[in-house]
Amino acid sequence: MQSKWNRREFLQHASAATLAALAAGAPVSNLLSSCKSKSNSSADTVILLWMAGGMAHTETFDPKLYTPFEKDMEGNRVLSTFKSLPTKLDGIHFSEGLQSIGNVMDKGTLIRSYVAADMGHILHSRHQYHWHTCYEPPQTVAAPHIGSWIAKELGPKNPVIPAFVDIGQRFTVGEAEELKAFHTAGFLGNEFGPFFIPDPSQGLESVRPPVGMDAKRFERRNQLYNELINNSPVGEFGSDYQRESLKRSMEQAYALLNSPESKAFDLSTEPKKSYDIYNTGKFGLGCLLARRLTEQGARFISVTTEYEPFKGWDTHENGHTRLEEMKKQIDGPVAQLIKDLDEKGLLDRTMVVLASEFSRDMMVEGRPDAKVLEQVAQPDILSDLKFYGMHRHFTDGCSMLMFGGGIKKGFVYGKTADERPCKTIENPIKIDGVHQTIYHALGIAEDTQYEVEKRPFYTTPDGKGKAVMELLS
């Protein structure tokens with residue numbers, strides 16, 4: 001399967017869509033009734049734990065036969081490079097290194113059948129765009145992030161706390177512009193976009209003036225900012241709606257600066273015993289900040305392991321040794337987040353989703369019936385430990401975890417084959433089903449839409465996404 005779209009064309013179309021969003025007027029709701037009714041909802045808040053870079057399902061939550069490394073072994077023999085260990089659920093095993101998460105699976109659902117889209121030559125940022133917006137890039141309209149849809153439709157739980165907070169992703173690393181393309185509210189307006197905290201250990205710095213700047217000077221700078229808006233591309237090319245939305249987003253940030261809730265961003269006030277459990281790195285501290293912001297009324301929080309090419313879950317080499325480190329970063333914090341939310345009485349109304357853009361396989365690039373251009377020089381004979389692991393991109397069988405917010409407890413959905421290719425063989429679920437399940441739990445109608453460029457734009461393409469009711473209790 002080949003695609004004409006490359007990285008440059010993706011960026012060109014994403015930029016064009018952003019300009020189109022700026023020029024568009026206020027999105028017109030085509031719904032006669034309010035989307036904000038939550039009478040049938042089971043969740044108020046969503047926390048997305050994003051495993052950026054492609055988390056191999058057979059190395060994490062869907063282990064297959066363990067094959068230890070032997071010099072000059074055949075790569076096709078390797079299905080999993082870690083032993084599998086039992087979880088809290090009878091008969092369900094996770095890969096070694098994820099025992100803490102396994103011990104809280106009685107509180108959530110394991111999905112083993114997520115199927116990523118076929119989009120030709122695989123580019124991480126394109127699949128991440130698709131996962132976060134539900135739309136395949138490029139689009140003529142700047143598609144809103146799922147967090148922005150939720151912020152728009154439900155509004156803030158606490159008017160001081162940003163409704164949509166994004167923790168952990170910098171835009172100074174590879175594919176930065178492509179990542180920016182979906183970290184946006186698109187045509188919904190800036191006020192519904194993410195409040196960025198690149199480093200959770202410095203979260204407090206995000207909500208207070210820089211060192212040496214007093215409040216009076218900061219207020220003058222805020223006034224100057226409003227003047228700059230009028231002379232910016234938004235001021236020059238944007239609609240009245242977009243300009244006012246950008247100003248409102250700054251007013252919200254300014255309100256947070258002067259509020260007592262801003263202390264939630266200061267992780268130094270967390271008790272040491274709790275802090276130490278979460279302190280496995282940026283991602284772990286991001287989970288801690290997510291819990292604190294949930295307590296203060298954030299609506300949607302994304303915490304990412306951060307996508308940076310050839311690092312983290314992007315295991316183009318040294319897959320086995322890299323995953324040992326990644327598991328240490330996520331296992332304790334994810335499990336503790338679930339336990340803390342449960343003990344504080346927040347898990348029932350807080351949905352936690354752990355996901356990645358696609359999976360990995362040592363031998364197959366894409367999926368068996370839709371292979372794409374090989375991107376990794378993976379030898380058939382493994383002469384070195386660095387080749388031992390899941391290096392190629394695999395889209396036909398991915399694992400997800402879901403907890404709280406009306407999700408079934410102690411439940412397993414879907415199945416992949418035990419032999420290569422370890423593809424989905426039962427209950428496939430695609431991204432429109434994932435999104436619509438989340439929206440359903442929040443009480444957001446599946447036909448939610450806005451008129452943009454004189455055509456309806458839905459939360460899922462053409463409004464055809466359906467909630468997977470089997471996942472909900």
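The structure contained in this document is the topic of the report that follows. (Residues numbered from 1 in each chain as written. Predicted model: local features only at pLDDT ≥ 70, side-chain atom pairs only at ≥ 80, totals over all residues. Heavy atoms only, no water.)

### Here's the deal with the nonpolar core
Soluble, globular proteins show a tendency: their nonpolar side chains are buried together. What counts, and what does not: By nonpolar core we mean a set of buried residues, namely Ala, Val, Leu, Ile, Met, Phe, Trp, Tyr and Cys, connected to one another through side-chain atoms within 4.5 Å. Between buried and exposed lies partly exposed: a residue is buried under 20% and exposed over 50% of the maximum accessible area for its type, with that area taken using a 1.4 Å probe on protein chains only. Counting from the N terminus, the helices are the DSSP runs of H or I reaching at least four residues and the strands are the DSSP runs of E reaching at least two. Here, residues are in contact when the closest pair of their heavy atoms is within 4.5 Å.
One finds Tyr114, Trp131, Ile150, Val353 and Ile438 to be the most contacted residues of the largest nonpolar core, which totals 56 residues. It is helix α12 (residues 431-442) that contributes the most residues to this core, six residues altogether. With sequence-adjacent residues up to four places away left out, Trp131 is seen in contact with Leu48, Trp50, Tyr114, Val353, Ala355, Ser356, Met400, Ile431, Val434 and His435. In terms of nonpolar packing, the next biggest core, distinct from the first, is built from 48 residues, Met105, Val334, Leu354 and Leu401 among them.

### Quick look at unusual backbone geometry
Residue Pro137 is joined to Pro138 through a cis peptide bond whose omega torsion reads 0°. Residue position: Pro138 is located in the loop between α3 (124-133) and α4 (146-154). A positive phi is found at Cys134, a non-glycine position, where the angle reads about 75°. Positive phi values are uncommon outside glycine, yet Asn427 reaches one of about 50°.

### As for the side chain of Asp331
Inclusion rule: Working convention for charge: Lys and Arg count positive, Asp and Glu count negative, and His plus the chain ends are omitted. Any carboxyl oxygen of Asp or Glu within 4 Å of a side-chain nitrogen of Lys or Arg constitutes a salt bridge here. We define a polar contact as two N or O atoms separated by no more than 3.5 Å, with the added condition that, inside protein, one atom must be a possible hydrogen donor and the other a possible acceptor, whereas residues neighbouring each other in sequence contribute only through side-chain atom pairs.
Within the secondary structure layout, Asp331 lies in helix α11 (residues 319-343). Buried Asp331, no salt bridge; nearest opposite-charge side chain is Lys327, N-O distance 9.2 Å. A polar side-chain atom of Asp331 sits 3.0 Å from the main-chain amide nitrogen of Ile101. Ignoring anything within four residues of it in the chain, the contact list for Asp331 reads Gly97, Leu98, Gln99, Ser100 and Ile101.

### Side note on the environment of Ile425
Along the chain, Ile425 falls in strand β19 (residues 424-426). Take Ile425: its relative accessible area is 46%, and that puts it in the partly exposed class. Ile425 has contacts with Lys415, Thr416 and Ala417, leaving out every residue within four places of it along the chain.

### Concerning the pairing of strand β9 (residues 300-304)
We count it as follows: For two strands to be treated as a pair, DSSP must find no fewer than two bridges joining them.
The buried count for β9 comes to five of five residues, which makes it a mostly enclosed element. Across the two faces of β9 the burial is the same, with Phe300, Ser302 and Thr304 and Ile301 and Val303 all buried. With five bridges connecting them, strand β2 (residues 45-50) and β9 associate as parallel partners. Counted as the bridge partner of Leu48 is Ser302 from β9. Sheet analysis places strand β7 (residues 164-167) next to β9, joined by four bridges and oriented parallel. In the strand pairing of β9, Ile167 is matched with Val303.

### Quick word on the sheet that holds strand β17 (residues 411-413)
Where we set the bar: Fitting a line to C-alpha atoms yields each axis, with helices limited to the stretch in contact; the angle taken between N-to-C directions then spans 0 to 180 degrees.
Within the open sheet, the eight strands sit side by side as β8-β7-β9-β2-β10-β16-β6-β17. Their pairing is mixed. Whereas interior strands pair on both sides, the edge strands pair on one side only; in this sheet they are β8 (195-197) and β17. Between one strand and the next, the sheet's axes are offset by a mean angle of 15°, whatever the strand orientation. Across three bridges, the pairing between strand β6 (residues 108-114) and β17 is parallel. By the bridge assignment, Ile111 is partnered in β17 with Tyr413.

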